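What follows is each chain in one-letter form.
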Amino acid sequence: SQANFEEDSQKQPAVGHWKTLMPSKGSKEEPETGCQDAGGGDETQSTEQLNVSRLRSSSVEIREKGSEFLKEELHKAQKELKLKDKECERLSKVREQLEQELEELTASLFEEAHKMVREANTKQAASEKQLREARGKIDMLQAEVTALKTLVITSTPSSPNRELHPQLQSPSKAVFRKGHGRNKSTSSAMVSAASQNVTPEPVSHECKEVDSILFAEFQAWKESPTLDKSCSFLDRIYREDVGPCLDFTKQELSELVRVAVEQNTLTIEPVASQTLPVVKVSGEECGGPKKCALSGLPRTCKHRIMLGDSGNYYYISPSCRARITAVCNFFTYIRYIQQGLVRQDVELMYWEVMRLRREMSLAKLGFYPSEM
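Residues numbered from 1 in each chain as written. Predicted model: local features only at pLDDT ≥ 70, side-chain atom pairs only at ≥ 80, totals over all residues. Heavy atoms only, no water.

Participant: Any chance you could break down the overall build of the protein chain for me, citing the residues and the numbers?
Facilitator: The helix and strand tally for the protein chain stands at nine helices and four strands. Ordered by position from the N terminus, the helices and strands of the protein chain form the series α-α-α-α-α-α-α-β-β-β-β-α-α. Here the protein chain holds 372 residues, and 28% of them are scored as buried. Carbon and sulfur atoms make up 55% of the accessible area of the protein chain, which totals about 25600 Å². (Helix = DSSP H or I, 4+ residues; strand = E, 2+ residues; numbered from the N terminus. Buried < 20%, exposed > 50% of the residue type's maximum accessible area, 1.4 Å probe, protein only. Areas by Shrake-Rupley, 256 points an atom, 1.4 Å probe, with all protein chains shown as cover.)

Below you can see the structure in the form of structure tokens.
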């Protein structure tokens, strides 16, 4: 029976054999009676246990290998994920930086554009202002050139045209004009008088000799004419002529008059007589028709002065008017020279300056024309 069982077991296929060795849980398979004995059952049981242990070991090995493989894959995925996170973080920083730079660039461009617009508007306004000033200066210079030509044609230093110099006119010829100013270097009187025929006075013959020191100072000033009184030419004239001529009893008012004459803002106008209509003056009047505001002496005042646009009028005597007029004539002539309006020989200009200095000296000593 043992031999038959072994033959049957060898002929039996492996599938049927595995089925007999793996019964379901909770059920016990009874060995077939008459197919195997007690010895054959032990051998079969040991074979089954060996096969089960092999299966279990192979299953554990497969699980371990699978677990290791999954762990490796997981580790790789984590590494890739970390790299991706770092890359995302880097790209995020780059984006933030680019956005910040873009905002700064945009703000800078807008600021620069506004700055350029402001500068353009400022330059345009300055250019327009300069253009207006240049046009005004051109008109003024053209008027001065016209007036100077008229003056040269109709008047000479030795025989001045009385129509062009109101201070030399007689009271009968003087016409009251409100606002006649010494600061108007080219007044309408010059242009209107050009058409009038005036008989020149006889030329007085006198001997003259050029002072070398004074002439050298004038030549040095003529090379670069300026109104700065620090130069030797004007400094001498200020000390010897202008200062003494404008030194009146009322020191404070005298200083104001000197500044107005230097700045060309002094206005002289005749006082209305009884035969002329009364003119109302808005400004404050100092002194009076019977008292000079500069000397403080009781004098008959035929003229009054205004300093700049202050609106205050000061009555002055004929002597004070002659002194102020002499200084104004001197400054008017040197301004013409500075502006290049006098086209004469240097010696002729020098003698005209000396004549104006003589007028200041005479006025300081109290000499003035009877017409004043």
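Participant: Explain the packing of helix 7 (residues 251-263) against helix 8 (residues 318-338) to me, using residue names and the numbers behind them.
Facilitator: Between helix 7 and helix 8, the least distance of the axes is 9 Å, while the angle of their chain directions is 25 degrees. Judged on the interaxial angle alone, helix 8 and helix 7 are roughly parallel. Our pair here, helix 7 against helix 8, has a crossing hand that is right-handed. Taking contact as the criterion, the partners of Val257, Val261, Glu262 and Gln263 in helix 7 are, on helix 8, Ile324, Val327, Cys328, Phe331 and Arg335. Tallied by class, residues from the contact of helix 7 with helix 8 come to six nonpolar, one polar and two charged. (Axes fitted to C-alpha atoms, helices over the stretch in contact; angles between N-to-C directions. Parallel < 35°, antiparallel > 145°, perpendicular 65-115°, else oblique. Left-handed = near helix turned anticlockwise from the far one by under 90°. Contact = heavy atoms within 4.5 Å. Nonpolar A, V, L, I, M, F, W, Y, C, P; charged D, E, K, R; others polar.)

Participant: With reference to specific residues and values, describe the nonpolar core.
Facilitator: Where a protein is soluble and globular, its nonpolar side chains tend to be buried together. Judged by nonpolar contacts, the single largest core of 48 residues is most densely connected at Val242, Leu266, Leu294, Ile305, Ile324 and Phe330. Of the residues forming this core, the biggest block, 11 residues, is contributed by helix 8. (Core = buried A, V, L, I, M, F, W, Y, C linked by side-chain atoms within 4.5 Å.)

Participant: Tell me about helix 9 (residues 346-365), and name the residues and values.
Facilitator: With 20 residues, helix 9 extends 29 Å from end C-alpha to end C-alpha; this agrees with the ideal 28 Å at 1.5 Å per step. Looking at the buried side of helix 9, the elements it contacts are helix 5 (212-223), helix 6 (232-245) and helix 8. Regarding helix 9, its N-cap is Asp345, as a side-chain oxygen of that residue lies 3.1 Å from the backbone nitrogen of Glu347 further along. Positive backbone phi, at 105 degrees, marks Gly366, one or two positions downstream of helix 9. (Expected span 1.5 Å × (residues − 1). Polar contact = N/O pair within 3.5 Å; in protein donor to acceptor, adjacent residues only side chain to side chain.)

Participant: Before we move on, can you summarise the pairing of strand 3 (residues 303-307) with the specific residues and values?
Facilitator: The element strand 3 is extensively covered by neighbouring structure, given that five of its five residues are classed as buried. Neither face of strand 3 is left uncovered, since the one carrying His303, Ile305 and Leu307 and the one carrying Arg304 and Met306 both have all their residues buried. For strand 3 and strand 4 (residues 313-316), the ladder comprises four bridges, and the chain directions are antiparallel. The partner of His303 across the bridge, within strand 4, is Ile316. Once strand 3 ends, the chain turns through five residues before running back antiparallel as strand 4, passing Gly308 with a positive phi of about 65 degrees. (Pairing = 2+ DSSP bridges.)

Participant: Tell me about a negative patch on the surface, and please be specific about residues and values.
Facilitator: On the surface, Glu64, Glu68, Glu72, Glu73 and Glu80 cluster together into a negatively charged patch. With respect to the helices and strands, Glu73 occurs in helix 3 (residues 38-154). Judged by relative accessible area, Glu73 falls into the partly exposed class, the value being 36%. (Patch = residues over 30% accessible without salt bridge, like charges linked within 9 Å, V, L, I, M, F, W, Y side chains within 5 Å. Salt bridge = Lys/Arg side-chain N within 4 Å of Asp/Glu carboxyl O. Lys, Arg positive; Asp, Glu negative; His and termini not counted. Charge placed at Lys NZ, Arg CZ, Asp CG, Glu CD.)

Participant: Tell me what's going on with a nonpolar patch on the surface, and back it up with residues and numbers.
Facilitator: Side chains of Leu362, Leu365 and Phe367 sit close together on the surface and give an oily, nonpolar patch of about 340 Å² of accessible area. With respect to the helices and strands, the residue Phe367 is situated in the segment after helix 9. Exposure remark for Phe367: the relative accessible area of 56% places this residue in the exposed category.

Participant: Provide a residue-level description of the environment of Asp211, including the pertinent values.
Facilitator: Looking at the secondary structure, you find Asp211 in the loop between helix 4 (188-193) and helix 5. By relative accessible area, Asp211 is classed as partly exposed at 35%.

In short, shape yes, function no, at least from these values alone.
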